[in-house]
Number of protein chains: 2
Amino acid sequence: MKDAIIDCLRKSAGYSSGEDISRQLKISRAGIWKNIEELRRDGYEIVAVPHLGYKLNGIPDKLLPREVAHGLGTAIVGSRVLHYESLASTMDVAFQLGVEDEPEGAVVCAETQTRGRGRMERRWSSPKGKGVYFSLLLRPNLLPTDAAKMTLFSAVAVCEALREFSGLDVHIKWPNDLLVQGKKLAGILMELSAEMDRVRFIVIGLGLNVNTAQRQLPPQATSLKLQTGTSADRIAVMQAVLRSLDRWYAVLNGQGFDPVIKRWRELSSTLGQKISIGDIIGTAVDLDEHGGLIVQVKDGQRVRCMTGDVQPIG
Amino acid sequence: MKDAIIDCLRKSAGYSSGEDISRQLKISRAGIWKNIEELRRDGYEIVAVPHLGYKLNGIPDKLLPREVAHGLGTAIVGSRVLHYESLASTMDVAFQLGVEDEPEGAVVCAETQTRGRGRMERRWSSPKGKGVYFSLLLRPNLLPTDAAKMTLFSAVAVCEALREFSGLDVHIKWPNDLLVQGKKLAGILMELSAEMDRVRFIVIGLGLNVNTAQRQLPPQATSLKLQTGTSADRIAVMQAVLRSLDRWYAVLNGQGFDPVIKRWRELSSTLGQKISIGDIIGTAVDLDEHGGLIVQVKDGQRVRCMTGDVQPIG
């Protein structure tokens, strides 16, 4: 009923009379008032003026399912949104949904994570209400050996969304970081559950710094606000990312990984660079068929890296 | 306390007096009696003779943790055994243990499974008390792209155990079946949970027909009893399999996959055969680096299969 009332208020430019709402939604005047009170507690600014009615003046700065779903228009990604004020990690909740046969497209988001994590069990700082932290459940038809490519898929989708939304020159650093001016704007995580010859589900996690201040971040990290100079609407950012993931998922299901890998190469800040990765020093020249990084070392030999941290040299 | 009483009775060739047990275990005579009654309800045959005491005459035909652990002597595999009378599938329980950070080596077994499954969501028939149905949790240090090789590892370990235990000429049919005389004796299943660049855990499932009658099995399946003509002690079979898995896991951790793949080739009934797999017809010639089957087709070309059913031809 709260969703229906918000819809009602959204449709009207001015005030909606209690009488009109009551008639449309078949709810008593007292019932409207009770729901309006609850919506206000959720952070909605709703003005009530005698003889005029109700008016929606502002929505809360929270990734509420109702707001994320409003006008989203995706086919799969975001088909269900679960929102939490605080979670240890959105990954664990989404993974459990996967185990419990939740359909693909479900998104678990939180205003803050107390144990947000990055690759290789590193911490991911998740200041409350400042970022977009979510995990997406997908069930792609894949062999387990191809699952690592889903990291490339998500990096491409998120990178494109952030470029379009912010106009910033966002690049992908192999395998899963999104950088602006060499600083980390977002990190992507992937976990999967598989049988021998098919992936059962994957969970893609995104940690994106939106309105985060520098003092809330490690020195090598940045946020959309720090880069553009203005605060961004987190709901709009999240919708842009979900739409891009949905678009690229359709590409993947229709045309396979080739278009994804082509676009990854264009968006990469790693390929063509002199880098070190672990003990290996050389030039990052390409991706292999599993999403590994091919590094050409001193004697011309090509080495394939499936894990590790890329550091630019010189 | 029940474990301690059984240990006491096992140590003695004849009768153990209630007085001795009472002294050793610091338990009242009434306490002993209560535990003995419970043990009898579990299926232990314990004779009680006035003035002589108690004697263990038989243990139940169940894969009780106490019996499986007795004299097992493994380092990792079977470090903890969980036993159920009936489960939908041992895979689901073991997978959930993996999610919940259970240490590796845990084994979940059941006397029967109501929804026992094989590869590609096929059913696995699990008649009550007739087979060994268990799932093993391991946490190998692997890339997700290498996880499929754990199927080869488990096939080798189980195949060797069954050969040693029964003297039967057991072979591996790619990727995960164990055959005697062309009939299916056991099936192996693998599921995994992974991050982008590391496997978090794998679950290996075994369905092994031990004392199963032909009428309880599909026509293309067989059991140890059907092949050898005598009933086998299911606990001893399970211990043999767990020991072999433990031994091969040590090999894997010490020397990698090479010895596993070498032994797989020796035990395989697939390599060298003319086969069909899906639409592909040719000769199975080798395994590839991920555990896929290499089939040489008519024009000499080599095709790699990661999934499908192998059918012998001619």
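Residues numbered from 1 in each chain as written. Chains lettered and ligands numbered in written order. Predicted model: local features only at pLDDT ≥ 70, side-chain atom pairs only at ≥ 80, totals over all residues.

Visitor: I keep staring at the overall build of chain A and nothing clicks. Help me out?
Guide: The number of helices and strands found in chain A is nine helices and 14 strands. With respect to the principal axes defined by its C-alpha atoms, chain A has extents near 85 × 45 × 30 Å. Taking all contacts inside chain A whose residues are at least 6 apart in sequence as the whole, residues at least 24 apart take part in 60%. (Helix = DSSP H or I, 4+ residues; strand = E, 2+ residues; numbered from the N terminus. Contact = placed C-beta atoms within 7 Å.)

Visitor: I tried to follow the interface of chain A and chain B on my own but got confused; where do I start?
Guide: Accessible area lost when the parts come together is the quantity often used to give the size of an interface. With 22 residues of chain A in contact, the opposing surface of chain B contributes 22 residues. For the side of chain A that touches chain B, the secondary structure elements donating two or more residues are helix H5 (90-99) and strand E8 (183-195) of chain A. Top element by residues in the side of chain A that touches chain B is E8(A). It accounts for six residues. Looking at the side of chain A that touches chain B, its residues break down into 12 nonpolar, six polar and four charged. Strand direction decides the pairing type here: E8(A) and strand E8 (residues 183-195) of chain B, joined by five bridges, are antiparallel. In the sheet register, A:Ala194 faces E8(B), and the bridge partner there is B:Leu192. (Nonpolar A, V, L, I, M, F, W, Y, C, P; charged D, E, K, R; others polar. Pairing = 2+ DSSP bridges.)

Visitor: So what exactly am I meant to see when it comes to the sheet that holds strand E12 (residues 293-297) of chain B here?
Guide: Whether parallel or antiparallel, the strands of a sheet pair through hydrogen bonds between backbone atoms. Residue and element names in this part refer to chain B. Reading across the sheet, the five strands line up as E13-E12-E11-E10-E14 and stay open at both edges, with antiparallel pairing between neighbours. Every interior strand has two partners, whereas the edge strands, strand E13 (302-305) and strand E14 (310-312), have only one. With direction set aside, neighbouring strand axes in the sheet form an average angle of 45 degrees. Relative to strand E11 (residues 280-287), strand E10 (residues 274-277) runs antiparallel, the two sharing four bridges. Following the sheet pairing, Ile277 is matched in E11 by Ile280. (Axes fitted to C-alpha atoms, helices over the stretch in contact; angles between N-to-C directions.)

Visitor: Explain the relation of the copies chain A and chain B to me, please; I cannot follow it from the model alone.
Guide: Each copy of the chain is related to the other by a rotation around an axis and a translation along that axis. Least-squares fitting of chain A to chain B yields an RMSD of 0.1 Å, with the transformation described by 0.0 Å of translation along the axis and a rotation of 180 degrees. The operation mapping one copy onto its partner corresponds to a two-fold rotation axis. Both copies contact each other with a shared surface, as 100% of the interface residues of chain A are interface residues in chain B too. (Least-squares fit on C-alpha atoms with pLDDT ≥ 70 in both.)

Visitor: I would appreciate a short explanation of helix H9 (residues 258-267) of chain B in the present structure.
Guide: Given 3.6 residues per turn, any residue in an α-helix points the same way as the ones three and four places further on. All names here are of chain B. Buried residues of H9: Val260, Arg263 and Trp264, and no others. For H9, the angular spread of the buried residues around the axis is 110 degrees, confining them to a single face. Set apart from the buried face of H9 by more than 90 degrees, the exposed residues are Asp258, Lys262 and Glu266. In this fold, the buried residues of H9 make contact with helix H6 (149-166), strand E6 (171-173), helix H8 (234-255) and E11. (Buried ≥ 20, exposed ≤ 12 C-beta atoms within 10 Å, placed from the backbone. Arc of directions from axis to C-beta.)

Visitor: Honestly, the packing of H6(B) against H8(B) in this entry has me stumped. Any pointers?
Guide: The description of two packed helices rests on the angle between their axes and on the distance between the axes. Residues and elements named next belong to chain B. Between H6 and H8, whose axes approach to 8 Å, the crossing angle comes to 135 degrees. Judged by the inter-axis angle, H6 sits oblique to H8. Note on packing geometry: the crossing formed by H6 with H8 is right-handed. Contacts between H6 and H8 pair Phe153, Ser154, Val156, Ala157, Val158, Glu160, Ala161, Glu164 and Phe165 from the former with Val237, Ala240, Val241, Ser244, Leu245, Trp248 and Leu252 from the latter. For the contact of H6 with H8, the residue count by class is 12 nonpolar, two polar and two charged. (Parallel < 35°, antiparallel > 145°, perpendicular 65-115°, else oblique. Left-handed = near helix turned anticlockwise from the far one by under 90°.)

Visitor: Just to check I follow, could you spell out the sheet that holds strand E13 (residues 302-305) of chain A for this structure?
Guide: Residues and elements named next belong to chain A. Pairing is antiparallel across the open sheet formed by five strands, whose spatial order is E13-E12-E11-E10-E14. The sheet is open, and its two borders are formed by E13 and strand E14 (310-312), each paired with just one other strand. Neighbour-to-neighbour, the strand axes of the sheet open up by a mean angle of 45 degrees, direction not taken into account. As defined by bridge partners, strand E10 (residues 274-277) adjoins E14 across three bridges and the pair is classed as antiparallel. Its bridge partner lying in E14, Ile277 is registered against Val310.

Visitor: Help me understand the environment of B:Thr212 in this model?
Guide: All names here are of chain B. Tracing the backbone shows Thr212 in the loop between strand E9 (199-209) and helix H7 (224-228). For Thr212, a count of 22 C-beta atoms within 10 Å gives the class buried. C-alpha of Thr212 to C-alpha of Gly58: the two residues are 154 residues apart in sequence and 22 Å apart in space. Residues within four places of Thr212 in sequence aside, it is in contact with Pro127, Lys130, Gly131, Leu217, Ser223 and Lys225.

Visitor: Mind showing me how you'd approach the pairing of strand E2 (residues 53-58) of chain B here?
Guide: Working note: regular strand, side chains alternate between the two faces of the sheet. The pairing of strand E1 (residues 45-49) of chain B with E2(B) spans five bridges and is classified as antiparallel. When the bridges of E2(B) are listed, B:Val49 appears paired with B:Gly53.

Visitor: Even after reading the chapter, I still don't get the packing of helix H1 (residues 2-11) of chain B against helix H2 (residues 18-25) of chain B, so can you show me in this structure?
Guide: All names here are of chain B. Relative to each other, H1 and H2 sit at 130 degrees, their axes nearing to 11 Å. Between H1 and H2, the angle falls in the class oblique. Along this stretch, H1 crosses H2, giving a crossing that reads as right-handed. Contact residues: Ala4, Ile5 and Cys8 in H1; Ile21, Gln24 and Leu25 in H2. Here the contact of H1 with H2 is composed, by residue class, of five nonpolar, one polar and no charged.

Visitor: Where do I start with the domain arrangement of chain A in this structure?
Guide: Domain boundaries assigned for chain A yield domain 1 (2-58), domain 2 (65-267) and domain 3 (274-312). When each unit is reduced to the centre of its C-alpha atoms, the spacing between domain 1 of chain A and domain 2 of chain A is 34 Å. (Domains from an automatic or database assignment.)

Visitor: Would you mind going over the nonpolar core with me for this structure?
Guide: Core analysis: the biggest nonpolar cluster contains 146 residues, and A:Val158 and B:Val158 have the highest contact counts within it. Not counting residues up to four positions away in its chain, the partners in contact with A:Val158 are A:Leu178, A:Ala186, A:Ile188, A:Leu206, A:Val241 and A:Ser244. (Core = buried A, V, L, I, M, F, W, Y, C linked by C-beta atoms within 7 Å.)

Visitor: How do you make sense of unusual backbone geometry when you look at a structure like this?
Guide: Note on backbone geometry: most residues besides glycine have negative phi, and most peptide bonds are trans. Residues and elements named next belong to chain A. In this structure, the amide linkage connecting Trp174 to the following residue, Pro175, adopts the cis form with an omega of -5 degrees. Secondary-structure assignment places Pro175 in the loop between strand E6 (171-173) and strand E7 (177-180). Positive phi outside glycine occurs at Lys26, with the angle close to 50 degrees. Note on placement: Lys26 falls in the loop between helix H2 (18-25) and helix H3 (29-41).

Visitor: Even after reading the chapter, I still don't get the environment of B:Gln239, so can you show me in this structure?
Guide: If you trace the backbone, B:Gln239 turns up in helix H8. Leaving out residues up to four positions away in the same chain, B:Gln239 has contacts with B:Val68 and B:Leu72.

Visitor: Is there a simple way to explain the environment of A:Phe95 in this structure?
Guide: By the secondary structure assignment, A:Phe95 is in helix H5. When the C-alpha atoms of A:Phe95 and A:Glu191 are compared, they prove to be 8.0 Å apart, with 96 residues separating the residues in sequence. Residue contacts for A:Phe95: discarding those within four places in its chain leaves A:Glu191, A:Val203 and B:Val99.

Visitor: Help me understand the confidence of the model for chain A in this model?
Guide: Reading fine detail from the predicted coordinates is not recommended where pLDDT is low. Of the residues in chain A, 99% have a pLDDT of 70 or more, and the chain-wide mean is 92. Taken together, the chains of this predicted complex give a pTM of 0.86 and an interface ipTM of 0.78. (pLDDT = per-residue confidence, 0-100.)

Visitor: It is not clear to me how H5(A) should be interpreted in this structure. Could you clarify?
Guide: Taking burial as the measure, the 10 residues of H5(A) include seven buried ones, the bulk of the element. A positive backbone phi angle near 65 degrees is found at A:Asp101, which sits one or two residues after H5(A).

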